[in-house]
Amino acid sequence: MTGGTSRPTQAEDALVRSYASLFEGLLPGISGSAHFNAQLRPVGGTGSLNDLRDASTWLRDCGWLQQRGARKPIEREAVNGRHQLAFPLLNSEGRLLWAVGIDLTTATKRRLGDHLIDKVAQRLRPAFECLQRERSLVPAAEITTVTDATERTADLEWLFHVSADLKRSDGEWLSLQHLLASACTRIEATLGSLSVPDKNISLIQAIDTTAAAPIARSLPQLQPHLLAWTVRKKEVLLVNEPSSHLRALVPARLLIVPVLAPSGRVVGLLAFFRGLEMDPFTERHRYLASHLARQIALIVESQSDLATGLPTRAALEHSVEQRCQQTQAHRSLVYIDIDGLHVCNEKHGFELGDELIMRIADLLTSKLVPAESLVGRLSGDKFAVMLENCEPQAALGFTQKLQQAASKIVIGPAEDTFDVSLSCGVATVVDVPKGFARALACSEIACKAAKDRGRNRTELYANDDISMMRRRGDMILVGQLREAIRKEKLILHAQPIVRLDRERSSAGFEVLLRWRDPTGEIVAPGAFMSAAQRYQLMPQIDRYVVRHTLAQLAPYRGLLMEMKATASINISGQSLSDESFIEYLLNELHVSNVPPGLVTCEITEQTAVACLAKSVELMHRLRRAGCKVALDDFGTGASNFTYLQSLPATRIKIDGSFVKDILTNARCVSMVKSLVGLAREFQMDCVAEYVETDALARKLETLGVDHAQGYAFGRPEPLEELLKRMQGAESERLRAYWLEV
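Residues numbered from 1 in each chain as written. Predicted model: local features only at pLDDT ≥ 70, side-chain atom pairs only at ≥ 80, totals over all residues. Heavy atoms only, no water.

Novice: Honestly, the packing of helix α10 (residues 313-326) against helix α14 (residues 435-452) in this entry has me stumped. Any pointers?
Specialist: Axes are the key here: two packed helices are described by the angle between their axes and the distance separating the axes. Where α10 contacts α14, the two axes come as close as 9 Å, and the packing angle between them is 120 degrees. Viewed along their axes, α10 and α14 adopt a mutual orientation that is oblique. Contacts between α10 and α14 pair R313, L316, E317, V320 and E321 from the former with G435, F436, A437 and L440 from the latter. Across the contact of α10 with α14, the residue classes break down as 5 nonpolar, 1 polar and 3 charged. (Axes fitted to C-alpha atoms, helices over the stretch in contact; angles between N-to-C directions. Helix = DSSP H or I, 4+ residues; strand = E, 2+ residues; numbered from the N terminus. Parallel < 35°, antiparallel > 145°, perpendicular 65-115°, else oblique. Contact = heavy atoms within 4.5 Å. Nonpolar A, V, L, I, M, F, W, Y, C, P; charged D, E, K, R; others polar.)

Structure follows, in structure tokens:
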């Protein structure tokens, strides 16, 4: 293990092994770790990093001992094929305290990719910070017994769990009260308190209520003085032997730690008290309390929106839930959305948009908002206010005053000011588990209804309002769709496209989406696409279709190339506006090894014309990559002839509304003829949609249409089954051909 160096003491061995466990917990794939003292001599190692003498020589040769101030981590390829990294730990004066060596497996190095040192340092930062503070506060000579090492290991594990548990799996921040209680138990304090005046945070935690009673009584008088001292000094105050004056005020030993904002400003204090009959606080307690204060600062910052200073959604939810648990009352939640903020951003720039958000936040912290209300910023241009002792109908008075005040805001250049207005939705906060989340969803639906009905108005959530019921149904549906994407419950079907020649040979197919809903039923896209578009889910769906289509095509690429058949994949307007989508598609083509020529990307004519510049750019990139491009539902747009020359498409798909009546309607025949002529003029082929009978197919053939798609040639079926059927048909065709030969 030690590669010829002296065997580590029991204390050193305990330290090395406890940190090895922390390192592996933070970054699975570490095969070994080693520790080196300030002279870069080996302390001990675990796992595959066993040649400590060689590693020590490597570190001593890198120049860290001669350098002053900041030192950079280093890395090397080891002789055993593994990758080794070393990280220096410095004190506040820039002196070398300690060094840690990390041995990574080849697989881990490959998984982490580029910028390896930065990624490993980021993952191991909690453990490095603990070790750095420990080496700064406690001289190595003090770690001489197994008891010391065991106690310190337990502290490390506690700090590690505090850091790891800061954010729960459900996204809620760990309760400050819970954190304070855990700290009081670990530090063995009679009483602990946390005060952050700017955030209205004032918490007290007593381990022994009887013993803590005298301290708790004196705390209101003592705390302002402690906060003033902490703001002035910005350092830890440890008093084990209080003066007679202080003892008369609070009969206890004190440990006071400042809570610092990222700017270095003192925003609060964390205090622990012990009765005079108890053991004094030690440097170990100072270390634990200082680390905890840093974690509390993270939580406090996370619960406040940086731009407005208002509580975040998570903090608002926590406050509302606490209020509901403490008292019963009629409460209403108001959902507020700034109308047309994107227009303000586009016309006047994002700086003015940000100023408008700040101005609205100012209104929500003014006397307009009733006392005891809770306010928060949800995201972007959206806010929420919980009104205490207020029925939804009564909340209309508040929203009316708020909207009037907002309309008086003057923002933008004098010659072109922006008209400020707010849309609001109101719902009841029901005292049930997750009551805030339910009220927020309902008030959001009401707010969206207010926007639909003209904006600058307030709507109350009502179960019998048809549009609100539809929106609520859409929200539920979108939630189920997101879950379906995550669990890969969306299914790919396909419908054949045939050549209108004598053999009616296959020209490929169009990929169509289906969804297996929670009941197990197969649902067609018409039932969920509008909701997906409304809630901006189409880019995720399009990526899902691309990824799974190419994965299923890969085994059949030889067959499709032989048949000169293509797979048509629909691209939505939302993906067209997503600059990263084309990169995703091209990357998936590369990964799947499917030739680009086997893929036709379909974009509806109306979408292409509405986003003309982006459509042209996307089509050119697809064409350069080797893909084909089709304009879907062609003929339905008002400007198709004008813009067609700008769009580098390879195919038009004639909308079914012109196809279905060509046997009886002369105008439809003329329209199809003109579209075919247009395609010929621009050297494109054409596909007729909704071809449901042989008679229609024959008529289309006489009109010069190249391909047809519809029930006459096959209904949509699972993509995998269609590919297998095409493979069987091609095998049968080849067999018949060779028999004839």
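So that's the structure; there's more coming.
Novice: Please explain the environment of Y335 as it appears in this structure.
Specialist: Secondary-structure assignment places Y335 in strand β11 (residues 331-338). For the pair Y335 and R377, spaced 42 residues apart in the sequence, the C-alpha separation amounts to 10.0 Å. When near neighbours in sequence (up to four residues on either side) are disregarded, Y335 contacts L378, K382, F383, S423, C424, G425, L440, S443, E444 and C447.

Novice: I'm lost on the pairing of strand β2 (residues 42-47) in this one. Help?
Specialist: Walk down a regular strand and you will see the side chains alternate between the two sheet faces. As paired strands, strand β1 (residues 30-36) and β2 are joined by 5 bridges and run antiparallel to one another. Paired with A34 across the bridge in β2 is G45. Linking two consecutive strands that pair antiparallel, namely β1 and β2, is a turn of 5 residues; a positive phi of about 65 degrees is found at L40 within it. (Pairing = 2+ DSSP bridges.)

Novice: Would you take a moment to explain the side chain of R331 for this structure?
Specialist: Here R331 is to be found in strand β11. A polar atom in the side chain of R331 sits 2.8 Å from the side chain of T327. A distance of 2.9 Å separates the side chain of R331 from the side chain of E388, its partner in a polar contact. Excluding residues that lie within four positions of it along the chain, R331 makes contacts with R323, C324, M386, L387, E388, C390, A427, T428 and V429. (Polar contact = N/O pair within 3.5 Å; in protein donor to acceptor, adjacent residues only side chain to side chain.)

Novice: Hey, could you run me through helix α7 (residues 209-233) in this one?
Specialist: Because each turn of an α-helix spans 3.6 residues, side chains separated by three or four positions in sequence point in the same direction. For α7, spanning 25 residues, the distance from its first C-alpha to its last is only 31 Å, which falls clearly below the expected 36 Å at 1.5 Å a residue. The sharpest bend along α7 reaches about 55 degrees and sits at L219, with the proline P220 one to four residues further on. The set of residues buried in α7 consists of A212, I215, S218, L219, L222, Q223, L226, L227 and T230. Contacts from the buried residues of α7 go to β6 (191-196), β7 (201-206), β8 (237-239), α8 (244-249), β9 (252-260) and β10 (266-275). Between the side-chain oxygen at the start of α7 and the backbone nitrogen of T210 there is a gap of 3.2 Å, and the oxygen is on D208. (Expected span 1.5 Å × (residues − 1). Bend = angle between axes of the 7 residues up to and from the residue. Buried < 20%, exposed > 50% of the residue type's maximum accessible area, 1.4 Å probe, protein only.)

Novice: So what exactly am I meant to see when it comes to helix α26 (residues 694-702) here?
Specialist: For α26, every residue scored as buried is listed here: L696, A697 and L700. Buried residues of α26, viewed axially, fall in a sector of 100 degrees; they line one side. Exposed side chains of α26 directed beyond 90 degrees from the buried face belong to R698 and T702. Looking at the packing, one finds that the buried side of α26 touches α24 (656-659), α25 (666-681) and β23 (685-688). (Arc of directions from axis to C-beta.)

Novice: What am I meant to see in the confidence of the model for the chain here?
Specialist: A low pLDDT score tells you not to read the predicted coordinates there in detail. Per-residue confidence for the chain gives a mean pLDDT of 84; residues scoring 70 or more make up 89%. Across residues 140-147 the pLDDT falls below 50, and counting only partners more than four positions away or on other chains, this stretch makes 10 contacts in the model. In the predicted structure, residues 167-174 sits below a pLDDT of 50 and forms 13 contacts with residues beyond four places in sequence or in another chain. (pLDDT = per-residue confidence, 0-100.)

Novice: I keep staring at the pairing of strand β4 (residues 83-90) and nothing clicks. Help me out?
Specialist: The element β4 is largely enclosed, with a buried count of 8 among its 8 residues. Neither face of β4 is open: one carries H83, L85, F87 and L89, the other Q84, A86, P88 and L90, and all of them are buried. Pairing between strand β3 (residues 74-77) and β4: 4 bridges, direction antiparallel. Its bridge partner being in β4, R76 is matched across the sheet by Q84. Counting the residues in the hairpin turn of β4 and strand β5 (residues 96-104) gives 5 residues, including G94, whose phi is positive at 85 degrees.

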